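# Chain and residue survey
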Amino acid sequence: MKRFARLRSVAVSLLVPVVALVLWWVLSADNSSPFYPSLETILTNFRETWLFERAGSDVVPSLTRLALGYLLAVAVGIPLGALLGRVRVVHLALQPAIQFARSIPATGLVPVSIVLLGIGDTPKIVLIAFVCVFPILLNTVDGVRGVERGLEDVGQTFRLTRRQRIFAIHLPSAAPQIFAGMRLSLSIAFIMMIVTEMMGATSGLGFVTLTAQQSFQIPLMWSGMILLGVLGALLNALFVLVERRVLRWHYLSTGRMR
Amino acid sequence: MVGRARKVKTDSMLPSESSQKAGAAGAIASSADPRRGRWRVSSRLLIPLGTTVGLLALWELLARAGALPAEVPPFTEVVSWLAGEFDDGTFWDMLGQTLWHWFAGLLIGGAAGIVVGGTIGMVPFVHRLLNVPLEFLRPIPAIVYLPLLILVMGSRSVTAIILASLGALWPMLFQSVYGVRAIDAQVVETGKVFGLRRRQILWHIMLPSVLPYLATGVRIASSLSLIVAVSAELVGGIPGLGTEMAAAAQNGRYTATYGLLLVSGVLGLLLNAALEGSEKRLLRWHVSHRVVNA
Amino acid sequence: MTKLVVNQLAKTYGDPAKGGVEAIREISFDVREGEFVCIVGPSGGGKTTLLRCLCALHGRSGGRIELDGRDVTQPPPEIAAVFQDYSRSLMPWYSVRRNIELPLKNTIADKKERSERVEWSLREVGLGGLGDRYPWQLSGGMQQRVAIARAIAYRPEILIMDEPFASVDAQTRAGLEDLTLAVRDDVGAAVLLVTHDIDEAVYLADRVVVLSSRPATVMEIVDIDLPRPRDQIKTKGLPRFAEYRTHVLELIRATSQPEPVSEAQQAVAATLHGN
């Protein structure tokens, strides 16, 4: 009985995607419009382009830049956020600059970075890192400020060292919020990866997809968009997986995971 | 909160000897508070103001001394360029374009998000039906759809608006779901027991508990709508702030590049501040509401 | 021998010259080696302020706190604390074992000795074998036992407890009281326990320090001459227990006279309760 209910709920949740795909396949099958090639054509193109030919030349460089920029942002954002959260004067001093920088629509920085740093790998990585730092940093500031007074008391009465307090109390207690910032940053990193490649690049997923559109290689454009979509979803899923693991204590102690 | 407030109030109102003393102490303490508050306000203003002025002066000096790359003009030049632009009608047209893309995107995407999210939150079957596809589509950034839209719609405002709507859609959709889920069934039942009508329940009980979530949704949706609008302009050559920035940079008009960057930052800052301010007001009301119930 | 001397301790929040809120005033008492002292006073009467001063968690406005003749200005290594709210004093991201072990890292260099100390303290509070659990997997009473284990593993000479049993149900509470007495006998540390529960204070203590309401002053220090070991039923059934209890209750009553209720106050109370 229970198994049946489970089966049914899986069926219900797969209903819409399956119907949508079937409709797409059927409706596009004998479509003569050049903008909407048949799904079969797109998938063939996908297999030929992305699975082998361009995997090494475009997919890997894109993802490498994304990963490096993102990790750099994490490596800078968390310590800086912890510092700003604990030292009020520094936070006050840098507040306007930080608020301004994070308010710039991130992709607006792309032309400036091209002017200043060119179109190589490094400027893209630096730009992704710069833009992704802010959500992580601001969430870390809030997180380390919200540490329970009780835990601070424990740290003091048991004479924990400053180092122990930071690593055993402040950072773990801020971790849920830090992860919220990291999740936001990951989606921004992905957008930045695409836009930096659409604006000034000679390789990468965004570059290939946009030039395919501009040179009317429509099936390639479609397959590029599909790959970008799938990658976005996969990256997010990967992040959720890591978060669930690292913050297991948090979800379990607040009863949000059984 | 309640306990503390009540304590102060009773203390200052009671006639007995000991509490009079406490009341007096309380009165003096509260008169001392503004003084501390003033000190805080002054340092809260002076320190950030000082560093900001310092940073701008540093930019100016380094640029004048030639310590920065030649592509970085001094701050004062950027400002005087901006001052000249403010008299120029085309500047405001361009800014208006971007604001229109932002606003229309926020409105369309937001409305769609509320409708879809509200339905998902209220009807469990719709939730089961749409959960998987939505969770798949949600992390896909709107900019991914840009090549197709430019192909089909061309480099026109409508393309930027559709993309901005897609950016605004997701936060509003999910915040609406959370908001509807957060409605306290017990409060609704209390309303029913006291004979409130359907419309009254919707207006006085459901809407107030959903509002804080929607406020958060609008704030996130707004910044996404702006980013997507600028990106679409930038990449797709759609008239607006983004295109202007790209053109200025490509043509080597660096003063304009930085001036426009400044404008985009101030724009983001203002929109953020406006929405955060109104959200805070909503949330304060929300919190006070909860304290009274507690 | 006297372990801790508190002399004329005062704490005023805000600027004393401009009349900040005076929480405690000229409090003096001492704690002898291995002695069990309870501090009782009306709710919100500056008891927690007193403890925070003793742990040097914040500064004081006047007076001296001497531990073995030395002035206490920083949290001293001889003092360990158990706080009221166990859910906020244990780290949910660490297992029970790591919660207890963390402070020991600075006092015991040898890893093996450290883990033996942890296991010992867990056995001492009756949680042997539960070191791998996480705090949130345990009941409230068990979590508070973890907090006690952490404190005794630190081998304090004085164990300070701030309303340690206030957040658990009555059954658990009695069990934790007896556990505290047993642990004190094993460890030999002095205990300074703050409570608003008069029965608890009389039941546990060698001496009870009775505080007045705000600003808190010492009203009386009552010597509790009841036989040890104490027993929840036998001790509490003794006529002397009732006498002590009545005496302390009278003191507390006198300081927190139920005041006449004004109409305005009733109105405020009504609004705050939302009816």
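Thresholds, definitions, all that
- Residues numbered from 1 in each chain as written.
- Chains lettered and ligands numbered in written order.
- Predicted model: local features only at pLDDT ≥ 70, side-chain atom pairs only at ≥ 80, totals over all residues.
- Helix = DSSP H or I, 4+ residues; strand = E, 2+ residues; numbered from the N terminus.
- Buried ≥ 20, exposed ≤ 12 C-beta atoms within 10 Å, placed from the backbone.
- Contact = placed C-beta atoms within 7 Å.
- Axes fitted to C-alpha atoms, helices over the stretch in contact; angles between N-to-C directions.
- Parallel < 35°, antiparallel > 145°, perpendicular 65-115°, else oblique.
- Left-handed = near helix turned anticlockwise from the far one by under 90°.
- pLDDT = per-residue confidence, 0-100.
- Pairing = 2+ DSSP bridges.
- Nonpolar A, V, L, I, M, F, W, Y, C, P; charged D, E, K, R; others polar.
- Right-handed = clockwise from strand over helix to strand, strands pointing away.

### Topic: the overall build of chain B
Counting its secondary structure elements, chain B contains eleven helices and zero strands. Ordered by position from N to C terminus, the α and β elements of chain B give α-α-α-α-α-α-α-α-α-α-α. Per-residue burial over chain B gives 33% buried out of 294 residues. Taking contacts inside chain B between residues at least 6 apart in sequence as the whole, the part at least 24 apart equals 73%.

### Considering the packing of helix H4 (residues 111-124) of chain C against helix H5 (residues 140-153) of chain C
Residue and element names in this part refer to chain C. Where H4 meets H5, the axes come as close as 9 Å, and the angle between the chain directions of the two elements is 135°. The angle between the axes of H4 and H5 places the two elements in the oblique class. Two packed elements cross with a definite hand, and for H4 against H5 that hand is right-handed. Two secondary-structure elements touch here, H4 through Arg 117, Val 118, Ser 121, Leu 122 and Glu 124 and H5 through Ala 149, Ile 152 and Ala 153.

### Focus on the confidence of the model for chain B
Should pLDDT be low for a region, the predicted coordinates there are not to be read in detail. Per-residue confidence for chain B averages 79 on the pLDDT scale, and 82% of its residues sit at or above 70. The low-confidence segment residues 1-38 of chain B, where pLDDT is below 50, has 40 contacts with residues more than four positions distant or belonging to other chains.

### Some points on the environment of A:Met193
Residue and element names in this part refer to chain A. Mapping Met 193 onto the fold places it in helix H8 (residues 162-199). Classification of Met 193 by C-beta neighbours within 10 Å gives buried; the count is 28. In this structure, the C-alpha to C-alpha distance between Met 193 and Gly 206, residues 13 residues apart in sequence, is 7.6 Å. With sequence-adjacent residues up to four places away left out, Met 193 is seen in contact with Ser 62, Arg 65, Leu 66, Ile 128 and Gly 206.

### Digging into the sheet that holds strand S2 (residues 21-32) of chain C
Residues and elements named next belong to chain C. With respect to topology, four strands assemble into an open sheet ordered S2-S1-S4-S5, the strand pairing being antiparallel. Across the chains shown, the open sheet's two edge strands, defined by having one partner strand only, are S2 and strand S5 (70-71). When strand S4 (residues 62-67) meets S5, the two strands line up antiparallel, connected through two bridges. By the bridge assignment for S5, Glu 66 is matched with Asp 71.

### Quick notes on the sheet that holds strand S8 (residues 190-195) of chain C
All names here are of chain C. Reading across the sheet, the six strands line up as S6-S7-S8-S3-S9-S10 and stay open at both edges, with mixed pairing between neighbours. What marks the edges here is a single partner per strand, and that holds for strand S6 (79-82) and strand S10 (218-223). Strand-to-strand twist in this sheet, taken as the mean axis angle between neighbours without regard to direction, amounts to 15°. Where strand S9 (residues 207-211) and S10 come together, five bridges link them in antiparallel fashion. In the strand pairing of S10, Arg 207 is matched with Asp 223. Each of S6 and strand S7 (158-162) touches H5; the most contacted strand, S6, lies at about 180° to it.

### Considerations on the environment of A:Leu160
Note that A:Leu160 resides in the loop between helix H7 (149-157) and H8. For A:Leu160, a count of 20 C-beta atoms within 10 Å puts it in the buried group. Residues within four places of A:Leu160 in sequence aside, it is in contact with A:Gly155, A:Arg165, A:Ala168, C:Leu102 and C:Pro103.

### Notes on the interface of chain C and chain A
At the interface, 20 residues of chain C touch 18 residues of chain A. At the level of secondary structure, the elements contributing two or more residues to the side of chain C that touches chain A comprise S6, helix H2 (86-89) and helix H3 (96-104) of chain C. Looking at the side of chain C that touches chain A, its residues break down into 16 nonpolar, two polar and two charged.

### Looking at the pairing of S7(C)
Residues and elements named next belong to chain C. The element S7 is extensively covered by neighbouring structure, given that five of its five residues are classed as buried. In the sheet, S7 pairs with S8 via five bridges, with the strands oriented parallel. The residue of S8 that forms the bridge with Ile 158 is Ala 190. In terms of handedness, the path from S7 via helix H6 (residues 170-187) over to S8 forms a crossover that is right-handed.

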